[in-house]
Amino acid sequence: MNSFLDLLFTRHSVREFTGEPVSEEDLETIVRVGMAAPSAVNIQPWAFVIITDRAELDSLSAKLPYAKMLDKASAAIVVCGNPEKDPQFARKFWVVDCAAATENILLAVHSLGYGAVWTAVYPEEKRIDIVRKACGLPDTIIPLNVIPIGVPRNKDARAVDKFKEENIHWNTW
Ligand SMILES: Cc1cc2nc3c(=O)[nH]c(=O)nc-3n(C[C@H](O)[C@H](O)[C@H](O)COP(=O)(O)O)c2cc1C
C-alpha cells in the first residue's frame with residue numbers, strides 16, 4: 001500500500017490529548033491543506049478560525065457538550081461557511097465544500113502526527129450561536145464544526161476497519 005492510502009486508512013477521531021503544543025507553523029499548514037479542497041465552481045465559500053487561546057478553548061469546552069475534549073486540546077480550528085460569497089453556488093454548496101475542507105484538515109493533522117475530531121456545530125442553532133459569540137463571527141458566517149487538535153494521548157489507538165461489502169454496488173443497485 002502506498003503511504004497516502006495508509007494515511008487515509010489510519011486516520012481516526014482522537015478525543016484525548018497530552019496537552020503538548022501544536023506549532024503555529026503546523027496550524028498554518030493544516031489550514032492551507034483545508035483550502036486545497038475542491039469546491040463547487042471553485043467558489044471556496046469557507047473561512048477558518050484558528051484558536052490557540054487557552055481561555056477560549058476552555059470556555060468553548062464548557063459550553064459545547066459534544067466538544068468537551070477542547071479543554072485538553074492545544075488548538076482548534078473552526079471551519080466556517082460563507083453562504084453569501086456567491087448567491088447561487090455558495091448558498092447551495094457551502095456545507096458540502098466545507099465538509100471537503102474539513103476532511104482535508106483531519107488528514108493533514110494526522111499526517112503531521114497530531115490527532116483531531118470533527119465536533120458538530122451546524123445545523124444546531126444553539127451551538128451556532130455559542131461558537132458565533134465565542135469567535136466573534138459576523139451574522140452571515142456559519143460555523144460548520146469545531147476541530148480540537150492536539151498530540152494524541154493514546155499512541156496505541158488504531159483506526160477501525162469500516163469496510164462493508166454491502167455498501168458497494170457495481171453498475172446498478
Ligand atoms: C458530521 C459529523 C459530526 C460529528 N460530531 C461529533 C461530535 O460532536 N463529537 C465527537 O466527539 N465526534 C463527532 N464526530 C466524529 C464521529 O463520531 C466519528 O467520525 C465516527 O465515530 C467515526 O470514527 P472515526 O472518525 O474514528 O473513523 C462527528 C463526525 C461527523 C462527520
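Criteria and thresholds
Residues numbered from 1 in each chain as written. Predicted model: local features only at pLDDT ≥ 70, side-chain atom pairs only at ≥ 80, totals over all residues. Buried ≥ 20, exposed ≤ 12 C-beta atoms within 10 Å, placed from the backbone. Helix = DSSP H or I, 4+ residues; strand = E, 2+ residues; numbered from the N terminus. Pairing = 2+ DSSP bridges. Near = placed C-beta within 6 Å. Nonpolar A, V, L, I, M, F, W, Y, C, P; charged D, E, K, R; others polar. Core = buried A, V, L, I, M, F, W, Y, C linked by C-beta atoms within 7 Å. Contact = placed C-beta atoms within 7 Å.

### Considerations on the pairing of strand β2 (residues 75-81)
Working step 1: For β2, the tally of buried residues reaches seven of seven residues, placing the bulk of the element in the interior.
Working step 2: Covered by surrounding structure in β2 are Ala75, Ile77, Val79 and Gly81 together with Ala76, Val78 and Cys80, the residues of both alternating faces.
Working step 3: Where β2 lies against strand β5 (residues 142-150), seven bridges are found, and the strand directions are antiparallel. The residue of β5 that forms the bridge with Gly81 is Ile142.

### Brief notes about the site of the ligand
Working step 1: Lining the immediate environment of the ligand, one finds His12, Ser13, Arg15, Tyr66, Val117, Trp118, Thr119 and Ala120.
Working step 2: For the shell around the ligand, the class distribution of residues is four nonpolar, three polar and one charged.

### So, the nonpolar core
One recurring pattern in soluble globular proteins is that nonpolar side chains are buried together.
Working step 1: Core analysis: the largest hydrophobic core is formed by 42 residues, its most contacted members being Ala76, Ile77, Val79, Val146, Ile147 and Ile149.
Working step 2: For this core, the secondary-structure elements that each account for two or more residues are α2 (24-35), β1 (46-51), α3 (54-63), β2, α4 (89-111), α5 (125-135) and β5.
Working step 3: Here the element with the most residues in this core is α4; it accounts for nine residues.
Working step 4: The residues touching Ile147, leaving out its near neighbours within four places in the chain, are Ala76, Ile77, Val79, Thr102, Ile105, Ala116, Val117 and Trp118.

### Structural notes on the environment of Phe17
Working step 1: Along the polypeptide, Phe17 turns up in the loop between α1 (3-10) and α2.
Working step 2: Phe17 sits 19 residues away from Ala36 along the chain, and the two C-alpha atoms are 27 Å apart.
Working step 3: Residues within four places of Phe17 in sequence aside, it is in contact with Lys72, Ala73, Ser74, Gly115, Gly150, Val151, Pro152 and Arg153.

### Some details on the environment of Ile128
Working step 1: Counting through the fold element by element, Ile128 comes out in helix α5.
Working step 2: As a C-alpha pair, Ile128 and Leu144 span 16 residues in sequence and 8.0 Å in three-dimensional space.

### A few points about unusual backbone geometry
Working step 1: A cis amide bond links Tyr122 with the next residue in sequence, Pro123, at an omega value of 10°.
Working step 2: Along the chain, Pro123 falls in the loop between β4 (119-120) and α5.
Working step 3: Not every positive phi belongs to a glycine, and Asn42 is a case in point at roughly 55°.
Working step 4: Looking at where Asn42 falls in the secondary structure, it is placed in the loop between α2 and β1.
Working step 5: Among the residues examined, Asn42 registers 8 C-beta atoms within 10 Å and is labelled exposed.
Working step 6: With phi around 70°, Asn171 is a residue other than glycine that occupies positive phi space.
Working step 7: You can see Asn171 is positioned in the segment after β5.
Working step 8: According to the C-beta neighbour criterion, Asn171 is exposed, with 4 such atoms within 10 Å.

### Considerations on the pairing of β5
Working step 1: The element β5 is extensively covered by neighbouring structure, given that nine of its nine residues are classed as buried.
Working step 2: Alignment of strand β3 (residues 115-116) against β5, held across two bridges, turns out to be antiparallel. Across the sheet, residue Gly115 finds its bridge partner in β5, namely Gly150.
Working step 3: Pairing geometry for β4 and β5, over two bridges, is antiparallel. When the bridges of β5 are listed, Ala120 appears paired with Asn145.

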